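Report on the structure
As a plain string of letters, each chain reads:
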Amino acid sequence: MTVEIKVLSSGSEGNAVWLSDGETVLLLDAGIRIQEIKEKLNFRLSEVAACLLTHGHGDHTKSADKVLRAGIDTYATEETWEGLGLDGHRKRVLKPMQEVVVGSWAVLPFPTQHIPGSVGFLLASKYGDKGIYITDSMYSRYTFEGLTFLLLETNYSRDILMENVKEGVIDRAYKSRVIKTHMGLETAKEFLRANDLSRVEQIHLVHLSVSNADPVRFKKEVQELTGIPVYVH
Ligand SMILES: [Zn+2]
Ligand SMILES: [Zn+2]
């Protein structure tokens, strides 16, 4: 059984990823309207066993309250829950570096370089697939072994960012903020070089900026670097 991944939405407009190993369905982030999530899942929201939130920003949590109220176990760190101010009997608190088991998945949340309490996920299925979800992180301080899939942020490219500053499309303060809180193509490529990719079957590039990224070029560069099928969202 190969893992099935559907990126429902990606980028600052909203992030949500549907993931299944054939037994347990996970929703990674819930940053779009609940109606949109339902429509994109052909109204099979009840099949989702758990929702995992990376951090509290609206583009990742827009529907967190609705997901909770739909009776879906929803996992986030203490800081994320505090920021959201939500409660409910399906609320689950994640501690960084403490694994939780959700059906056939073992999920390890690890800190990302974004805001206090932000995390990425290492997702290991009992059927053999193993992957990471890293978004909204300046870089990853961890490397991983035996991965079969990656969902990795490539928010911008340094040269496009610089060009946009020069052209006045974005200002310097915005540029600095982007560089300190998001992963660019160059950092993502370094990360890929540092990891064991021998088992990887699919690489998904996520959270691309509308103005500071180039989907066609990013796909080409990462595919050339890794020799692995790349999907850009
Ligand atoms: Zn985001
Ligand atoms: Zn964010």
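Refer to the structure printed above.
**Some details on the overall build of the protein chain**
- Scanning the protein chain from terminus to terminus reveals eight helices and 13 strands.
- Expected size for 233 residues packed as a compact globule is a radius of gyration near 17 Å; at 17 Å, the protein chain falls within 12% of this value.
- Taking the principal axes of the C-alpha coordinates as reference, the protein chain spans close to 50 × 40 × 35 Å.
- Among the 233 residues that make up the protein chain, the fraction classed as buried is 42%.

**A look at the pairing of strand E3 (residues 25-28)**
- Of the two faces of E3, the one carrying Val 25 and Leu 27 and the one carrying Leu 26 and Leu 28 are both buried.
- Relative to E3, strand E2 (residues 16-20) runs antiparallel, the two being bridged by four bridges. Residue pairing across strands places Val 17 opposite Leu 28, the latter belonging to E3.
- Here E2 folds back onto E3, and the loop between the two strands holds four residues, one of which, Gly 22, carries a positive phi near 95 degrees.
- Judged from the four bridges that link them, E3 and strand E4 (residues 48-52) form a sheet pairing that is parallel. Bridge pairing links Leu 28 to Leu 52 in E4.

**Topic: the sheet that holds strand E6 (residues 91-94)**
- Within the open sheet, the six strands sit side by side as E1-E2-E3-E4-E5-E6. Their pairing is mixed. In this open sheet, the two strands that pair with only one neighbour each are strand E1 (4-9) and E6. Sheet twist, expressed as the average angle between the axes of neighbouring strands with direction ignored, equals 20 degrees.
- When strand E5 (residues 73-77) meets E6, the two strands line up parallel, connected through four bridges. Paired with Thr 77 across the bridge in E6 is Leu 94.

Criteria and thresholds
Residues numbered from 1 in each chain as written. Chains lettered and ligands numbered in written order. Predicted model: local features only at pLDDT ≥ 70, side-chain atom pairs only at ≥ 80, totals over all residues. Helix = DSSP H or I, 4+ residues; strand = E, 2+ residues; numbered from the N terminus. Rg over C-alpha atoms; globule rule 2.2 N^0.38 Å. Buried ≥ 20, exposed ≤ 12 C-beta atoms within 10 Å, placed from the backbone. Pairing = 2+ DSSP bridges. Axes fitted to C-alpha atoms, helices over the stretch in contact; angles between N-to-C directions.

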